[in-house]
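# A closer look at the structure
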Amino acid sequence: MTATVVEPDQTQRVRSGRHVERIGLGALLAAGVLVVLLGARVVTGPLAILVSALLFVTIVGFIVIAILGGPEARRQLAPYGLLKPGMLWLALFYLAPLFTLLKQSLSSLPSRFAVEAEFNWSFGNYADALTDFRGQFTRGFQYAGAATILCVVIGYPLAYVIAFRGGRWKNLLLGLVVVPFFTSYLIRTIAWQSLLADNGPIIDWIERAKLTGPMESLGIMDNGRLLDSAWAVIGGLTYNFLPFMILPIYVSLEKINPALVDAAKDLYSPSTRAFRRVVVPLSLPGVFAGTLLTFIPAAGDFINAEYLGNPNTTMIGNSIQDQFLVQSNTPLAAAMSFVLMAIITVAVLVYTKFMGTEELA
Amino acid sequence: MSPNPGSVARWGLNVYAALGLVYLFIPIGWIVWFSFNQPKGRFNLSWQEFTLDNWRHPFSNENLTNSFVESLKIASISTVIATLLGSLIAIALSRYTFKGSAGLNLFLVLPLTTPEIVLGSSLATLFLDADVTRGFTTVIIAHVGFQVSFVALTVRARVRGFDWTLEQAAQDLGASPMRTFWKITFPLILPGILAAALLSFALSIDDFIITLFNAGSLQTFPLYIYGSFRVQFPPQANVLATVILVASVALMMIGVLRSIRREQRA
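Residues numbered from 1 in each chain as written. Chains lettered and ligands numbered in written order. Predicted model: local features only at pLDDT ≥ 70, side-chain atom pairs only at ≥ 80, totals over all residues.

## Looking at the overall build of chain A
- When its secondary structure is counted, chain A shows 15 helices and two strands.
- Relative to a compact globule of 361 residues, whose C-alpha radius of gyration would be 21 Å, chain A shows 27 Å and is clearly more extended.
- Projected onto its principal axes, the C-alpha coordinates of chain A cover approximately 90 × 75 × 35 Å.
- Taking all 361 residues of chain A together, the buried fraction comes to 43%.
- For chain A, restricting intrachain contacts to residue pairs at least 6 apart in sequence, the fraction spanning at least 24 positions comes to 72%. (Helix = DSSP H or I, 4+ residues; strand = E, 2+ residues; numbered from the N terminus. Rg over C-alpha atoms; globule rule 2.2 N^0.38 Å. Buried ≥ 20, exposed ≤ 12 C-beta atoms within 10 Å, placed from the backbone. Contact = placed C-beta atoms within 7 Å.)

## With respect to the overall build of chain B
- A tally of helices and strands in chain B yields 11 helices and zero strands.
- From first element to last, N terminus to C terminus, chain B shows the α and β order α-α-α-α-α-α-α-α-α-α-α.
- Relative to its length of 266 residues, chain B is extended, with a C-alpha radius of gyration of 23 Å against a globular reference of 18 Å.
- Across chain B, the fraction of contacts at a sequence separation of at least 24, relative to all contacts at a separation of at least 6, is 78%.

## As for the interface of chain A and chain B
- Taken together, the contacts link 66 residues of chain A with 66 residues of chain B.
- Mapped by element, the contributors of at least two residues to the side of chain A that touches chain B are α1 (3-39), α3 (71-105), α5 (134-165), α6 (170-178), α7 (185-196), α12 (271-300), α14 (316-326) and α15 (330-355) of chain A.
- Counting residues per element, the side of chain A that touches chain B draws most heavily on α3 of chain A, at 17 residues.
- Of the residues contributing to the side of chain A that touches chain B, the split by class is 47 nonpolar, 15 polar and four charged. (Nonpolar A, V, L, I, M, F, W, Y, C, P; charged D, E, K, R; others polar.)

## Some words on the domain arrangement of chain A
Residue and element names in this part refer to chain A.
- The domain architecture assigned to chain A consists of domain 1 (3-105) and domain 2 (125-355).
- Using only C-alpha atoms to locate each centre, domain 1 and domain 2 end up separated by 40 Å.
- For the side of domain 1 that touches domain 2, the residue count by class is two nonpolar, two polar and no charged. (Domains from an automatic or database assignment.)

## Brief notes about the packing of α5 of chain A against helix α10 (residues 230-254) of chain A
Residue and element names in this part refer to chain A.
- Here α5 crosses α10 at 40 degrees, and the two axes come no closer than 6 Å. In terms of axis orientation, α5 runs oblique to α10. For the element pair α5 and α10, the recorded crossing hand is right-handed.
- For the contact of α5 with α10, the per-class residue count stands at 26 nonpolar, two polar and one charged. (Axes fitted to C-alpha atoms, helices over the stretch in contact; angles between N-to-C directions. Parallel < 35°, antiparallel > 145°, perpendicular 65-115°, else oblique. Left-handed = near helix turned anticlockwise from the far one by under 90°.)

## Comments concerning the nonpolar core
- Counting residues in each nonpolar core, the largest one holds 159 residues, and the members touching the most others are A159 and M336 of chain A together with I89 of chain B.
- When we break this core down by domain, the ones giving at least three residues each are domain 1 (3-105) and domain 2 (125-355) of chain A.
- In this structure, M336 of chain A is in contact with A129, F133, I316, S319, I320 and Q323 of chain A, ignoring residues within four places of it in sequence. (Core = buried A, V, L, I, M, F, W, Y, C linked by C-beta atoms within 7 Å.)

## Here's the deal with the environment of W169 of chain A
Residue and element names in this part refer to chain A.
- If you trace the backbone, W169 turns up in the loop between α5 and α6.
- Classification of W169 as exposed rests on a count of 12 C-beta atoms within 10 Å.
- Put simply, W169 and D262 are 93 residues apart on the chain and 22 Å apart in space, counted from C-alpha to C-alpha.

## Description of the environment of A175 of chain B
Residues and elements named next belong to chain B.
- Mapped onto the secondary structure, A175 falls in the loop between α7 (165-172) and α8 (177-206).
- Judged by the 16 C-beta atoms lying within 10 Å of it, A175 is partly exposed.
- For A175, the contacting residues outside a window of four places in its chain are A170, T180 and K183.

## Digging into unusual backbone geometry
Residues and elements named next belong to chain A.
- Here D228, not a glycine, exhibits a phi torsion of approximately 60 degrees, which is positive.
- With respect to the helices and strands, the residue D228 is situated in the loop between α9 (212-218) and α10.
- When the 19 C-beta atoms within 10 Å are taken as the criterion, D228 is described as partly exposed.
- Residue S328 is not a glycine yet carries a positive backbone phi of 55 degrees.
- Mapped onto the elements, S328 comes out in the loop between α14 and α15.
- On the basis of neighbour counts, which here come to 13 C-beta atoms within 10 Å, the residue S328 falls in the partly exposed class.

## A short note on helix α6 (residues 136-158) of chain B
All names here are of chain B.
- The end-to-end C-alpha separation of α6 is 32 Å, in line with the 33 Å expected for 23 residues at 1.5 Å each.
- At Q147, α6 shows its maximal kink, close to 30 degrees.
- Most of α6 is tucked away: 18 of the 23 residues are buried. (Expected span 1.5 Å × (residues − 1). Bend = angle between axes of the 7 residues up to and from the residue.)

## Some words on the confidence of the model for chain A
- This prediction gives chain A a mean pLDDT of 87; 93% of its residues lie at or above 70.
- Taken together, the stretch residues 1-9 of chain A has pLDDT below 50 and engages in one contact with residues farther than four places along the chain or on a different chain. (pLDDT = per-residue confidence, 0-100.)

## Remarks on the packing of α10 of chain A against α12 of chain A
Residue and element names in this part refer to chain A.
- Where α10 meets α12, the closest approach of the two axes is 7 Å, and the angle between their N-to-C directions is 155 degrees. By the angle between their axes, α10 is roughly antiparallel relative to α12. In this structure, the crossing between α10 and α12 has a hand that is right-handed. Residues L237, F241, F244, M245, P248, I249, V251, S252 and L253 of α10 form the contact with α12, whose participating residues are L282, S283, P285, G286, V287, A289, G290, L293, T294, P297 and A298.
- A breakdown of the residues in the contact of α10 with α12 according to their chemical character gives 15 nonpolar, five polar and no charged.

## Some words on the confidence of the model for chain B
Residues and elements named next belong to chain B.
- Across chain B, pLDDT averages 88, with 97% of residues at or above 70.
- Mean pLDDT across the elements of chain B ranges from a minimum in helix α11 (residues 235-265), with 82, to a maximum in helix α9 (residues 209-214), with 96.
- Scored by ipTM, the complex comes to 0.87, with pTM at 0.88.

Spelled out as structure tokens, the structure:
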């Protein structure tokens, strides 16, 4: 084969390759959209049958093209085929539910005792969510924010010591950080309830160490009690989400070449400045990922507030759970869930822009 | 050698980190210690006296045991499904460069940045809307949902440095694509897949919030603890929690030992 023959042949292949890629991506996206339409029941009745048929054609058509196409086409279609089962699962059980949640949040219950809500563009649920539950929203974000800050304060030094001074014990120490989280989340929180109780060991130590006065003036203790307070809730959140902070920080610290720190010191930078100028900036992606992984679950949590707090320290998670599962007011619960997700999404976007990191996972 | 400010700061930091580790283990100590307690009432929350009875009869509380078995079943099934779906996604994302991979990558992260209460309540509205009775199957569906992203991202992180030209080499030597996958690719990515499966099993067995919304009348281990905590908290709960802890530590130790042995061989 001469060069003059190979060249057009190759461009042809590249061009047809782009074509094949477009088919693969198109089939995947189309199947995803159809699955969402069906799952969220946007289409019902005869239309649903049509959409199902269309979905079937998209999937089978994709397989047929992959079989009939040559090995090159198959290679290019392979990733879309591999992605399809998992992505369609997520489309049906992650995306479609968000649509039903949105629909539910714009529905209303015809009467106080009705179970089935009717969709009628009732934005009143959002008004109720924002006015009646403003306190819960505020507390939810405040407590989650405080817990996130505490997690950085406790977790960063711990991750630093393991990464830079762990030596051959590194893996073991990292294992020790993870191990507590293989016991039940609920029982861990119940453990804190028992530990912080009025006749529990921690109050006992504080009293013996004569620290009751200072703890009271710091506002951590109230009338000699630790439990059933905002600080107990924040403490519980901090504890339960701490590994989500430590692990990403550790990963980013571990990647830092110690020679960089040595270089800074060789250039007569005092070690605190070497830390500030070299280690901190390089570990920011870890702190970024850690804060997201801590703040997001903490903001929606209700177990810590239920077991460690009092009726005045309930968070938005408690209200959603109560409205959905106890009061059966699903439209209101849906509206609150949506507001929670919207606020978190906006916060994450702003924070991402501010931190300038695109590496999330 | 006289102590200089540098070494004081150094040791100060080490002590601070050590205290952080102690903090992580305080409730764990409580859980293990209280599994040996002989509670006076129905709540195993204040220390009475030491006993081995709870360990001799770990399954004496029938409802607790049933819920524990239910959790094991759910975690096993959902982990198998999620590991399969998630690993395929991970292979697609790390093995190939293709159109739309950036967007699909972002989509994969989204479920992990959605609060559990939103995941749980939205899925529950889907089931309510479609008149699906919530129970065993819906809980498995719910668990697979958050496990898929988790498995995909974990496996992808593990195979990031994988040398895909090995596949090319095998095929150049005449191996079929199928044979190449099972003889070369699969054994090399298997440790990553197993690690992801183990962690997602742990996530499933301990999941509470999403499960609560989608379980209907089904009782899993965490749901049983939650439901019964109003009226009782049996010491057997601590026993089973300790068993889970010991089992996962053992599995982790096996993993660590294997990686050490591999390093020694290399």
